[in-house]
Amino acid sequence: SKQDSYSVYVGLGAFHEWERTDLGTFTERQETWRLNNYWSYQHRLNEQVNWYGTLYLQPDVDNFKDYRTLVDTGFVVRLTGSLRMKVSYNLRHDSEPPRNLLAVPVIDREKTNSQYVTTFMYEF
């Protein structure tokens, strides 16, 4: 990291996960251990604008083909002394999402989802 310019963070961990998903005609239960790897970067572009980006990779320790990724990136812009605007983009990917092709209507969750968000933050 360089003070008042950028910071880089890297992490490695693990977690035990319990999941129960209602898929219409049946309930899917999953219990597994996942690795949790992340890389995060923050960059101060100038006095008013900061950019950040974080990438997570979470594979199942018993089946590396079953993984989840998350990308979270955006800008935080200082508009006044107390008011900030955050514009962010979030991308999630699940290599093996829940699905039930026998349900009516069919439940087939998307592998990849994305979201744009604009937030105003007021500090007092």
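Conventions adopted
- Residues numbered from 1 in each chain as written.
- Predicted model: local features only at pLDDT ≥ 70, side-chain atom pairs only at ≥ 80, totals over all residues.
- Heavy atoms only, no water.
- pLDDT = per-residue confidence, 0-100.
- Helix = DSSP H or I, 4+ residues; strand = E, 2+ residues; numbered from the N terminus.
- Patch = residues over 30% accessible without salt bridge, like charges linked within 9 Å, V, L, I, M, F, W, Y side chains within 5 Å.
- Areas by Shrake-Rupley, 256 points an atom, 1.4 Å probe, with all protein chains shown as cover.
- Salt bridge = Lys/Arg side-chain N within 4 Å of Asp/Glu carboxyl O.
- Buried < 20%, exposed > 50% of the residue type's maximum accessible area, 1.4 Å probe, protein only.
- Polar contact = N/O pair within 3.5 Å; in protein donor to acceptor, adjacent residues only side chain to side chain.
- Contact = heavy atoms within 4.5 Å.

With that settled, consider the confidence of the model for the protein chain. Here the protein chain shows a mean pLDDT of 90. Residues at 70 or above account for 99%. Confidence scores differ between elements of the protein chain, with strand β7 (residues 107–108) showing the lowest mean pLDDT of 75 and strand β3 (residues 49–60) the highest of 97.

On the surface, a cluster of nonpolar side chains totalling about 450 Å² of accessible area is made up of Tyr6, Val8, Val10, Trp39 and Leu55. With three residues, strand β1 (residues 6–22) is the largest single contributor of residues to the nonpolar patch. With respect to the helices and strands, the residue Leu55 is situated in strand β3. With relative accessibility at 40%, the residue Leu55 sits in the partly exposed group.

Before going further, it helps to spend a moment on the side chain of Glu17. Looking at the element boundaries, Glu17 is found in strand β1. Taking relative accessible area as the criterion, Glu17 reaches 10% and is therefore assigned buried. Within the structure, Glu17 has its side chain in polar contact with the side chain of Arg34 (distance 3.0 Å). Only 2.6 Å separates the side chain of Glu17 from the side chain of Arg68, close enough to count as a polar contact. Those residues in contact with Glu17, other than ones at most four positions away along the chain, are Gln30, Glu31, Thr32, Arg34 and Arg68.

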